[in-house]
Amino acid sequence: MSFWHYPHRSPREELLDAPDLPVAALHRNLHELALVNRWLGGYRISELALREIQRHFAFHTLIDIGTGGGDTLQRLVAQLPAGVGAEGWDLKADCIAYAQKHHAHERIRWVVGDFREALRSRPPGVLFHASLFFHHFPDAVIREFVAEIVGAGHALIVNDLERHRFARHSIAAITRLWPGASYLVRNDAPLSVERAFVTTDWQHLLADIPNLQYTLQYRRMFRHQLCIWPSAASFTTSLNDAL
């Protein structure tokens, strides 16, 4: 780890995670996050990850966990093979209401619920997608969820930030200079970088999880692209158990 990387993930919680966040502030922030993804190429990482995972894993459903405003899922649906279903899950009903209004699509089913509930009663072959999502959680929760996904015969693609000092100060400057930027994006954008990951974090998180295979790539604008899938033997076992 170089000087440019913060040594540890910040334990401070983002304002976006507050349970009593005003609806107007939330919806404005979802719009701002979509703009940031568009300006800084965030969508592209998820699109590249979707292309990469299809080299290793065949799936019947794509589930976007922590879907937020649903903008990323709407873009990914255009790349899905015919017959593959799509679902957007978020714990906040106000996020799902925003997604349904602004990013409705005939192939997308929107669900209000905890991301861990999306695993229940699912036959093997689901691809979970998490964009700018896991940095909201402690390591233990992330590791537990990844292990459960792989153990059930599912796959996961992750698009998240790198914990880099230049990235943190750059996004802080951008949001300060952004006319009319909300208090949420000005607080949470730099904090999300402090809560994010370095390569060794992911390596330690994934170490010793059985029957797991993955690729991890650094992408431009301080992002990590992570693709995780079960080994062939593990997938066969999960499929037989489900039948």
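Reading the values: rules and limits
- Residues numbered from 1 in each chain as written.
- Predicted model: local features only at pLDDT ≥ 70, side-chain atom pairs only at ≥ 80, totals over all residues.
- Heavy atoms only, no water.
- Salt bridge = Lys/Arg side-chain N within 4 Å of Asp/Glu carboxyl O.
- Helix = DSSP H or I, 4+ residues; strand = E, 2+ residues; numbered from the N terminus.
- Expected span 1.5 Å × (residues − 1).
- Buried < 20%, exposed > 50% of the residue type's maximum accessible area, 1.4 Å probe, protein only.
- Core = buried A, V, L, I, M, F, W, Y, C linked by side-chain atoms within 4.5 Å.
- Contact = heavy atoms within 4.5 Å.
- Pairing = 2+ DSSP bridges.
- Axes fitted to C-alpha atoms, helices over the stretch in contact; angles between N-to-C directions.
- 1 Å grid on protein atoms, 1.4 Å probe; cavity = no way out; pocket = protein on both sides within 12 Å on 5 of 7 lines; lining within 4 Å.
- Points joined across faces, edges and corners; volume = space filled by probe spheres on them.

J.: Can you break down the pattern of salt bridges residue by residue, with the values?
T.: In a structure, side chains of opposite charge can pair up when their charged atoms sit close to one another. The full count for this structure, using the stated rule, is 10 salt bridges. One salt bridge connects Arg12 with Glu194, and the closest N-O pair in it is separated by 3.7 Å. Here the residue Arg12 occupies a position in the segment before α1 (23-40), and Glu194 occupies one in helix α7 (residues 183-194), the gap between them amounting to 182 residues. Because the salt bridges share partners, they merge into one network encompassing Arg12, Arg168 and Glu194.

J.: Tell me about helix α2 (residues 42-53), and name the residues and values.
T.: Over its 12 residues, α2 runs 17 Å from end to end, which matches the ideal 16 Å to within 8%, given 1.5 Å per residue. Across the 12 residues that make up α2, a large majority, 10, are buried. Inspection of α2 places Gly42, Tyr43, Ile45, Ser46, Glu47, Leu48, Ala49, Leu50, Glu52 and Ile53 among the buried residues, and these make up the whole buried set.

J.: Before we move on, could you go through the nonpolar core and cite the residues and values that matter?
T.: Within the largest apolar cluster, 40 residues are counted, with the highest numbers of intra-cluster contacts made by Ile65, Phe128, Phe134, Val146 and Leu156. Element by element, the count of residues in this core is highest for helix α5 (residues 139-151), at five residues. Apart from residues no more than four positions distant in its own chain, Ile65 is found in contact with Trp89, Phe115, Phe128, His129, Ala130, Phe133, Phe134 and Phe145. Leu50, Phe57, Leu127 and Trp229 belong to the second-largest nonpolar core, a separate cluster that totals 21 residues.

J.: Go over the sheet that holds strand β3 (residues 108-112) with me, naming the residues and quoting the values.
T.: Taken in spatial order, the seven strands line up as β3-β2-β1-β4-β5-β7-β6 in an open sheet, and their pairing is mixed. Both edges of this open sheet fall to β3 and β6 (212-219), since each of them pairs with a single strand only. Ignoring strand direction, the axes of neighbouring strands in this sheet form an average angle of 15°. Where strand β4 (residues 126-131) meets strand β5 (residues 155-161), five bridges bridge the pair, whose relative direction is parallel. Pairing of Ala130 across the sheet is with Val158, part of β5. Its contacts with the sheet place α2 against β4, β5, β6 and β7 (223-230), and it is angled at close to 25° to β7.

J.: Account for the layout of surface pockets, naming residues and giving values.
T.: Roughly 1,100 Å³ of internal volume is contained in the largest pocket. Taken together, 50 residues line the largest pocket, and the ones lying closest to its centre are Leu16, Leu33, Leu132, His135 and His136. Put simply, the second largest pocket is a space of about 160 Å³. Lining of the second largest pocket is provided by 13 residues; of these, Ala34, Arg38, Tyr43, Asp71 and His103 occupy positions nearest its centre. Every element with two or more residues in the lining of the second largest pocket is listed here: α1, α3 (71-77) and α4 (93-102).

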